[in-house]
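Now for the letters of each chain:
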Amino acid sequence: MNEDVEVLKTVKIVFSSIICFFVCGALYFTSLITERQAALEEASRYNLQWSSSQAVIELVRLEKALAVTQVDKTPAALDEVRLRYDILMNRMSLLGGGEFLKFLQQDGELLATFQEAAGKIRGVAKLMPDIGDPAVAKQALETIEPLSRQFLSISAQANKYGGEQVALDQAVLMRQHWQFSAMVAGLIVCGIMLIMLLNWHNRLLGFTHARLEATTEKLAASRRQLDAALNNMSQGLSVFDGEGNLVLANRKFARMFGLNDDIGDKSPSFEELSRQVENVGDVSLVDILHRHGQRMTRQQPDYAYESLDDGRVFSITHRPMENGGSIATFLDVTARRRTEARIEYMATHDTLTGLPNRAQFRANAELAIGSRGGDENGPVIIMLDIDNFKTINDTMGLPVGDALLCAVSGRVKSCLPKNCIGARLGGDEFGILQTDAPQPASAVALVKELTVLLAEPLDLDGVPVKVRMSIGIAAANEKTTSADELIKNADLALNRAKLEGRATYRLFDPEMAKSANLRRQMEVDLREAIAADRFELHYQPIMNIRQGGVAACEALLRWNDPKRGMIPPMEFIPLAEEIGVIGEIGEMVLRKACIEAMAWSSDIKVSVNVSPLQFNSRDLMADVAGALAASGLSPHRLDLEITESVLLAHTEDVLETLHRLRAMGVKISMDDFGTGYSSLNYLRRFPFDKIKIDKSFVRDVDSSEDATVIVRAVTSIAGSLGMITTAEGIETLEQLERVRAGGCAEAQGYLFCRPLPAAMLRPMLDELALDSRAVA
Amino acid sequence: MTRLMASVGAFGDRILVTALNDYTSEVPIEDFQKYGVILALKRNGQYMPVSDKGPLFIVYPFDSVPELKSQKFYSRSAWQVARMEVK
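The model shown is predicted, which means the values in this text are computed figures rather than measured ones. Throughout this document, residue positions are counted from 1 along each chain, in the order its sequence is written. By the order in which they are written, chains take letters starting at A while ligands take numbers starting at 1. Only residues with pLDDT of at least 70 are given local features in this predicted model, and only at 80 or more are side-chain atom pairs given and counted; all residues enter the totals for whole chains, interfaces and linings. Where side-chain values are given, they derive from all heavy atoms of the structure, hydrogens and water being excluded.

Peer 1: I tried to follow the overall build of chain B on my own but got confused; where do I start?
Peer 2: Regarding its fold elements, chain B presents 3 helices and 7 strands. Only DSSP runs of H or I with at least four residues qualify as helices, and only runs of E with at least two residues qualify as strands; both kinds are numbered from the N terminus onward. Helices and strands appear in chain B in the N-to-C order α-β-β-α-β-β-β-β-α-β. A simple rule labels every residue: compare its accessible area, found with a 1.4 Å probe on the protein chains alone, to the largest value its type can have, and call it buried under 20%, exposed over 50%, or partly exposed in between. For chain B, the residues scored as buried account for 37% of the 87 residues in total. In this analysis, two residues are considered to be in contact whenever any of their non-hydrogen atoms come within 4.5 Å of each other. Taking contacts inside chain B between residues at least 6 apart in sequence as the whole, the part at least 24 apart equals 52%. Here the Shrake-Rupley method, with its probe set to 1.4 Å, supplies the accessible areas, and only the displayed protein chains count as covering residues. About 5000 Å² of surface is accessible on chain B, with carbon and sulfur atoms providing 53% of the total.

This is the structure in structure tokens:
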């Protein structure tokens, strides 16, 4: 563009120059013409030769008149002489001045000749009075006669001078002609240049015009893009100028307020805009617009949320501009707000029951603890756990379990007063946060009420279920610093309730924390014991009470702790299962038992207890195979004892493992039969080799006829299914006799032998082989 | 000259002027009206002698009308006028 401007400037300068040249040319032309005119005048003005030749003629006429007087003495002839003389005198005076004199003065000789002649003619004047006298006339004639020759010579000179003058004039004219021609040529060249310049200028203008059009088109395209961008914004956009007129508004803005799309093009004032919104637009937005008007008067960026009664929410930003106007965006965030609320609800609530979840419960507890007074009305956390929920879930299916959870949560909710918040903390665990009530009495009262309410049978899928819950209560005291601590305390109380028989509640006691600490210590020690191999196996013989002799020895695990002494498995196996080290311990037990059994008589089996959790890890097969291979023990001498809980979960996998073990030749026994569910279904699902009747039945056989009947029934069923039975916990001869009578093939108990370390077992085995008590 | 023409009752568009020396010149009559041409008889109160352009001299106003300064009008401005013939 700058180049164009430069070029146009140059063109202008050239233009001006040419026009100046034209003006100068015209002036010069005028002067040339004037000069030429003058020259032409000069050329035609004076005819010297004519004047001088007239002088000759007039001289000759005077001579003739004088000559006439010689013969004609009439006055007319004399008058004629005087007239001719006067005419000649007139000529002489003409020649003696003006141009002719200038001509004469050019040549001194010529001037002298003329003056001499003039003098002679003047001399004739004094003869004129007596001219009638022929002698005088003769004298006059003689005086002027030679003069004609002189005048002729002057005339010839004049002729020559005139020719020269003409030549001179012609030269001047010729010079002027050339100047004229040059001038015309110059003007023609200038004209051509002017035309070329005009053409060039037009072309430049054409280019500029084309470029201007392109720029205009580009601007229009930009404008279209801008419009497209503005109209595709999700926000309504408005720009007001310093006077409060709406100078720009996108489609979204117009539609949001229920106005025509072209509202921005009309630049309405703020008042006009309000009026339109009120009359034809969305009336419910008028207040928002008015509040925005107030916002516009403040010269600082701002944003706000505006909520309408119909639930809509708008996000509005306002930014003042330098020129006094302002730019604002309006966004309908209703959907976003709803989603946010939904997300927040989902993040803080349990989807199944609609109760707050653990995170929300924890946050509420934190809040309650933070704002608690120093009195005994501090917040309380009650934790509830449905007893045997897992069993219900496993046996009746997940939908029933979920229905149970919903029913329980419904009942919990229904009996909660306003100062309580209920929550589902996960699984079958519920929590209640109670505030502003005298503690722990209020919590205990609430728990009792809940227990009564929940004890009413629920109808689950046609099955009436009585819900029992284990409950832990922990009240905040002045030392409580966090919700986590309070939740942990309630959890400890809950665990205590579970441990102490379930279906009950326990208040948190600092002693529980101590036992929890002890448990943690035990966990550390247990891990250490595994690393240091502080376990040993004791063995209790199982007697064949039909043929006599020792049928097998059950391996029983002992933890020999340096601080605590010998610890029985009941006290640490649950912990080992919980902290996930049961697999290692189980493998170790299998390995050691198999090696030890190799030292016994080849007809004595070794029984090893297997935890249900060992089935969860797929390594059990490998562990068994490894133990057998390492020891060289025959598979059929290994008897794995499992409890029915093994069959509760993951049944297909478990059954497959059991079948494979059995295919290897390993025996499988059902341990502790008679406790728990003792479902006969389990017996049908897997062909056990042996059933061990729990010692709780055996204990009663000598006093209760029922127990004897049950033993007999179990033995009978087992026999029918091709299984033998072992009676556990035989302590007296009478018990022995009864179980023998009941049909048990094997018996185990203190009557025969206590569990013994391996070293003490071997001599005992020889002794027992001859034991008369074992023989019928 | 206009008055002279009127007083002699001249009809025609030009006059043929003949001088004493037989010089002749044609003068259009319209010149007289147009330029105010005079027929001089006296100069400074004195009759002009033949020896000084007398007795009659047709005079154009050369000094007040510059366009007259040309050979055309110089030739019409005849002196020593002897005869005027209206044509």
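Peer 1: Mind showing me how you'd approach the overall build of chain A here?
Peer 2: Of regular secondary structure, chain A possesses 27 helices and 22 strands. Put simply, chain A has 776 residues, and 43% of those count as buried. Sequence separation of at least 24 residues holds for 64% of the intrachain contacts in chain A that already meet a minimum separation of 6. If you sum the accessible surface of chain A, you get close to 40100 Å²; carbon and sulfur atoms cover 56% of it.

Peer 1: Teacher, can you tell me more about the packing of helix 4 (residues 98–105) of chain A against helix 7 (residues 147–231) of chain A here?
Peer 2: The description of two packed helices rests on the angle between their axes and on the distance between the axes. Residues and elements named next belong to chain A. Axis separation between helix 4 and helix 7 bottoms out at 11 Å; the angle between their running directions is 95°. Judged by the inter-axis angle, helix 4 sits roughly perpendicular to helix 7. For the pair formed by helix 4 and helix 7, the contact residues are Phe100, Phe103 and Leu104 on the first element and Ile154, Gln157, Ala158 and Tyr161 on the second. Comment: axis = line fitted to C-alpha atoms, over the contacting stretch for helices; angle = value between 0 and 180 degrees taken between N-to-C directions. Our angle categories are set so that under 35 degrees counts as roughly parallel, over 145 as roughly antiparallel, 65 to 115 as roughly perpendicular, and the remainder as oblique.

Peer 1: When you look at the packing of aromatic side chains in this model, what are you seeing that I'm missing?
Peer 2: Residue and element names in this part refer to chain A. Here a pair means two rings of Phe, Tyr or Trp (six-membered ring of Trp) with centres within 6.5 Å. Their orientation is stacked below 30 degrees between planes, edge-to-face above 60, and tilted elsewhere. For the coordinates displayed, the defined rule picks out 10 aromatic pairs over all chains. With 5.3 Å between their ring centres and 85° between their planes, Tyr539 and Trp600 make a pair best called edge-to-face. Taken together, the residues span a long stretch of sequence, with Tyr539 in strand 13 (residues 535–544) and Trp600 in the loop between helix 19 (582–597) and strand 16 (605–609) at a distance of 61 residues. Just as Tyr539 is buried, Trp600 falls in that class too. These aromatic residues form a ring-pair network of at least three members: Phe253, Phe257 and Phe330.

Peer 1: Quick question: what am I supposed to make of the side chain of Asp525(A) here?
Peer 2: Residue and element names in this part refer to chain A. Relative to the assigned elements, Asp525 resides in helix 17 (residues 510–532). The buried category is assigned to Asp525, whose relative accessible area is 5%. Within the structure, the side chain of Asp525 is placed 3.2 Å from the side chain of Lys563, a separation counted as a polar contact. For Asp525, the residues in contact, after removing those within four places along its chain, are Trp559, Asp561, Lys563 and Arg564. Pairing of N or O atoms within 3.5 Å defines a polar contact, subject to two protein rules: one partner must be a possible hydrogen donor and the other a possible acceptor, and residues neighboring in sequence count only if both atoms are side-chain atoms.

Peer 1: Where do I start with the side chain of Ser326(A) in this structure?
Peer 2: Relative to the elements of secondary structure, Ser326(A) occurs in strand 5 (residues 326–332). Overall, the relative accessible area of 3% leaves Ser326(A) in the buried class.

Peer 1: Help me out: how do you make sense of the interface of chain A and chain B in this one?
Peer 2: Interfaces are often described in size by the accessible area the parts lose on coming together. Chain A puts 17 residues into the contact, and the matching count from chain B is 13 residues. Between Lys or Arg on one side and Asp or Glu on the other, a salt bridge is scored when a side-chain nitrogen of the former is within 4 Å of a carboxyl oxygen of the latter. Our count for the contact surface shared by chain A and chain B stands at 0 salt bridges. Counting every contact that joins chain A to chain B gives 0 residue pairs in polar contact (both at pLDDT 80 or more). Those elements that place two or more of their residues in the side of chain A that touches chain B are helix 1 (2–45), helix 2 (48–71) and helix 3 (75–95) of chain A. Looking at the side of chain A that touches chain B, the element that brings in the most residues is helix 3 of chain A, giving 9 residues. Note on residue classes: Ala, Val, Leu, Ile, Met, Phe, Trp, Tyr, Cys and Pro are nonpolar, Asp, Glu, Lys and Arg are charged, and everything else, Gly too, is polar. Of the residues that constitute the side of chain A that touches chain B, the class distribution is 6 nonpolar, 4 polar and 7 charged.

Peer 1: Before we go on, may I ask you to explain the sheet that holds strand 8 (residues 429–434) of chain A in this structure?
Peer 2: Residue and element names in this part refer to chain A. Pairing is mixed across the open sheet formed by 5 strands, whose spatial order is 7-8-6-11-12. If you trace the sheet from one side to the other, it starts and ends with strand 7 (420–426) and strand 12 (505–507), each paired once. Adjacent strand axes in the sheet meet at a mean angle of 20° when their direction is disregarded. Where strand 11 (residues 469–475) lies against strand 12, 3 bridges are found, and the strand directions are parallel. Across the sheet, residue Ile473 finds its bridge partner in strand 12, namely Leu507. Here helix 12 (residues 358–370) sits on the sheet and contacts strand 6 (380–386), strand 7 and strand 8; the angle it forms with strand 8, its principal contact strand, is near 20°. Taken strand by strand, helix 16 (residues 483–499) contacts strand 6, strand 8, strand 11 and strand 12, and its axis lies near 145° from that of strand 11. A pair of strands is labelled paired if DSSP reports no fewer than 2 bridges between them.

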